[in-house]
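The residues making up each chain are set out below.
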Amino acid sequence: MVSKPIPDHVPPEMVKDFSLFLSPDMQRTPNGDPHAAVACLHDGPPIFFSPNNTRDGRGTWVITRAEDQRRVLQDPETFSSHRSIFASALGENWPMIPLELDPPAHAVFRSLLNPLFSLERVMVLEPVVRERAVALIDRIFASSTSCDVMKDFAFPFAVSIFLCLLGLSDERLDIFVGWGKDLLHGDAVKRTAAARAIVQFIDELATLRRKDPAADFMTFVVEAEVDGRPLTGEEVRGIGVLLLVAGLDTVATAIGFDLAYLARNPKDQKLLRNEPTRIVPAAEELLRAYSTVQMIRVARKDIDFEGAPIRKGDYISCATAIANRDPAEFDHPDTIDLAREDNRHSAFACGPHRCLGSHLARREIVVGLEEWLARIPAFRIKEGTSPITYGGQVFGIENVILDWS
Ligand code: HEM
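Residues numbered from 1 in each chain as written. Predicted model: local features only at pLDDT ≥ 70, side-chain atom pairs only at ≥ 80, totals over all residues. Heavy atoms only, no water.

Thoughts on the overall build of the chain
The line we're drawing: Working definition: helices are DSSP H or I runs of at least four residues, strands are E runs of at least two. Numbering for both runs from the N terminus. Our radius of gyration is a C-alpha quantity, and the globule rule it is checked against amounts to 2.2 Å times the number of residues to the power 0.38. Residue burial is assigned from relative accessible area. The probe radius is 1.4 Å, only protein chains are included, and a residue is buried under 20% of its type maximum, exposed over 50%, and partly exposed in between. Every residue pair with non-hydrogen atoms within 4.5 Å of one another is taken to be in contact.
The number of helices and strands found in the chain is 13 helices and 15 strands. Over its C-alpha trace the chain gives a radius of gyration of 21 Å, about what one expects of a compact globule, namely 22 Å for 405 residues. Dimensions of the chain along its principal axes, counting C-alpha atoms only, are 60 × 55 × 40 Å. Per-residue burial for the chain yields a buried fraction of 55% across its 405 residues. Taking the intrachain contacts of the chain between residues at least 6 apart in sequence as the baseline, contacts between residues at least 24 apart amount to 68%.

Some words on the pairing of strand S2 (residues 47-50)
Using the following cut-off: Between any two strands, pairing holds if DSSP finds at least two bridges.
Side chains Ile47 and Phe49 project from S2 onto one buried face, and the interleaved Phe48 and Ser50 project onto a second face that is buried too. Pairing of S2 with strand S3 (residues 60-63) involves four bridges; the strand directions are antiparallel. The residue bridging serine 50 from the neighbouring strand is threonine 60, located in S3.

Observations concerning the site of the ligand
The line we're drawing: Any residue with a non-hydrogen atom lying within 4 Å of a molecule or strand is treated as near it. We call two N or O atoms a polar contact when they sit within 3.5 Å, provided that within protein one can donate a hydrogen and the other can accept it, with sequence-adjacent residues counted only if both atoms are side-chain atoms. Residues are grouped as follows: Ala, Val, Leu, Ile, Met, Phe, Trp, Tyr, Cys and Pro are nonpolar; Asp, Glu, Lys and Arg are charged; all remaining types, including Gly, are polar.
With respect to spatial proximity, 25 residues lie near the ligand, and among them His106, Arg110, Arg297, His353 and Cys355 are the closest. Within the backbone of leucine 99, a nitrogen or oxygen atom sits 3.3 Å from an oxygen atom of the ligand. Between an oxygen atom of the ligand and a side-chain N or O atom of arginine 110, the distance comes to 2.7 Å. Elements supplying a minimum of two residues to the shell around the ligand: helix H3 (105-113), helix H9 (233-264), strand S8 (294-299) and helix H13 (358-375). Ranked by residues supplied to the shell around the ligand, first place goes to H9 with six residues. The residue makeup of the shell around the ligand, split by class, is 18 nonpolar, five polar and two charged.

Quick notes on the nonpolar core
If you look at soluble globular proteins, the nonpolar side chains tend to sit buried side by side. Our working rule: Put simply, buried Ala, Val, Leu, Ile, Met, Phe, Trp, Tyr and Cys residues joined by side-chain atoms within 4.5 Å make one nonpolar core.
In terms of nonpolar packing, the biggest core is built from 99 residues, with Phe86, Trp372, Phe379 and Leu402 touching the most fellow members. Setting aside residues no more than four positions away along its own chain, phenylalanine 86 makes contact with Trp94, Met96, Glu100, Leu183, Ala195, Ile198, Val199, Val241 and Val245. Core analysis: the next-biggest nonpolar cluster, separate from the first, contains 18 residues, Trp61, Ile63, Ala308 and Cys350 among them.

Some remarks on the pairing of strand S11 (residues 315-319)
Among the five residues that make up S11, five are buried, leaving the element largely enclosed by the rest of the structure. Strand direction decides the pairing type here: S8 and S11, joined by five bridges, are antiparallel. Bridge pairing in S11 places arginine 297 opposite isoleucine 316.

Description of the environment of phenylalanine 176
Along the chain, the position of phenylalanine 176 falls in helix H6 (residues 173-185). The spatial distance from the C-alpha of phenylalanine 176 to the C-alpha of phenylalanine 162 is 9.8 Å, given a sequence separation of 14 residues. Residues within four places of phenylalanine 176 in sequence aside, it is in contact with Val159, Phe162, Leu163, Phe201 and Leu244.

Written as structure tokens, this is what we have:
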């Protein structure tokens, strides 16, 4: 990946050779620990410039303190979310909605979608979530004493819930899992092909639901109105694509990191197995310690921020993996304490773009862990294998081969 030139206004002493994409442990590494790799940043300045910190090799300012990240994320007047990341990969220019909209348009779409992902709605969906988890885990247990949790459980589980939201059967599960993999780990050609396939799929589904409505998410979107008018085709696409992309890898990755942690820490595994009521706070601690999403904002004006001369158009990175290991915010941030109290982590962000799917994500993770621990005996990482981790826009874990023989 070729770095773009460092802009002239960035003082050389504020440039740091650290990248969420390229630093050691951020690249695809067996047994890597991208989360531990951010610890070095907390001894340094509150903000620095990383010359190559996006997928396309752009430099960004990096905010290292949780408190400063909150200032950025809660100030959309200064720090915009308007970027078209997904569309620009296709040479197009349309926003994922509501993620890439700023106020006041953001609030219009957010209030439209909020009721669909409320806690009450998620609790109605919970039996389906549990049924999917049980079916997948029972199948694994019946056929083997080992599996790759990502391939056999985490991805199919997260994708099947998404298909259920869209009102689709599991028939196309493998196709979706494949798109997800290509989008995240594929080379540029595979990534673009997967992005095109996803857009085509969402557009076709929207056309179908306009003609033939059903009791599902896409029908709701194509029939919805904002400001007294129906949504445009581009808006429908922006919402559909975001929901697919947002829920695809994040939940699967969280489950992967959680089970890898429990496989390596048999005492904690036993504790949760024997006392399942501890799973809810444990899942929060694991969301904190293994936070995955890096948020990027674009400066709308020149501003001096903690001594950094940010200029209009600069990119600002707020990585949840950095904020949630900030010692000013959490005692012993690198220690995983499954009973941690007052755990106000920002894995789901804060401010107007706070994760719309957080209730659903939390339920999927907790139900996934509950059913896994209830059905699979004491497990460990299979000898001779090592989970492959990577940093980036969304941190990930590629394979977690577990063994309970
Ligand atoms: C562990 C799982 C998840 C994590 C860690 C996560 C994290 C995040 C974060 C950090 C943001 C803010 C992004 C930004 O401001 O740039 C976000 C936004 C969003 N997430 Fe999630 N997410 C997860 C699961 C989900 C799921 C399952 C869905 C939906 C099915 C979802 C839907 C969304 C949407 C629609 C937004 C945009 C909200 C807005 O702009 O108002 N997420 N998520």
